[in-house]
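Chains, contacts and geometry: an overview
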Amino acid sequence: MVLIVESDFNLVLRLRESIERLGVQVHTVGDGLEALRWLRTARPQLILADQAAAWVDGFRICRLTKFHKKTQEIPVFILTAVKDEDHLRLARQVRADGY
């Protein structure tokens, strides 16, 4: 199961189609707060989190996931169109597996 945290409907559709073609289930949420609520009871194999997700951004989702004992092993990739050294540094600080 892959969790996609993204509000852009078109991007969600493209990601979902690509991942499901591989035979992997996908769960999507539109904002970071919804993602954190969902993670209370579910354990995806991968999280794709929008850097600019509403309420709780992708960096915070990653930080909370990586620093919680029950979820720290879940790979988290930050989705963004921004190429910025500060964002890349922040992604490393929160232990993102990809940016």
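The structure this text deals with has already been given above.
These remarks concern the structure in this document. Predicted model only: the values in this text are computed from it and were never measured.

Calculation notes
- Residues numbered from 1 in each chain as written.
- Predicted model: local features only at pLDDT ≥ 70, side-chain atom pairs only at ≥ 80, totals over all residues.
- Heavy atoms only, no water.
- Phe/Tyr/Trp six-rings, centres within 6.5 Å; stacked < 30°, edge-to-face > 60°.
- Helix = DSSP H or I, 4+ residues; strand = E, 2+ residues; numbered from the N terminus.
- Lys NZ or Arg CZ within 6 Å of the ring centre and 35° of its normal.
- Core = buried A, V, L, I, M, F, W, Y, C linked by side-chain atoms within 4.5 Å.
- Buried < 20%, exposed > 50% of the residue type's maximum accessible area, 1.4 Å probe, protein only.
- Contact = heavy atoms within 4.5 Å.

1. Side note on the packing of aromatic side chains
Counted by the stated rule, this structure contains 1 aromatic pair. Pairing F59 with Y99 gives two aromatic rings, centres 6.4 Å apart and planes at 20°, and the pair type is stacked. Linking F59 in helix α3 (residues 58–66) with Y99 in the segment after α4 (85–93), this pair joins segments that are 40 residues apart in sequence. When the ring centre of F67 is taken as reference, the NZ or CZ atom of R95 above it lies at 4.7 Å.

2. A word on the nonpolar core
Ranked by internal contacts, the top residues of the largest apolar core, which has 19 residues, are L3, V5, A35, I47 and I61. Of all the elements in the fold, those that place two or more residues in this core are β1 (2–5), α2 (32–39), β3 (46–50), α3 and β4 (76–79). The contacts of I47, once residues within four sequence positions are left out, are L3, V5, L39, T65, I74, P75, V76 and F77. Of all hydrophobic cores here, the second largest spans 8 residues; its members include V2, I19, L48 and L79.

Purely geometric stuff here, so don't read any function into it on its own.
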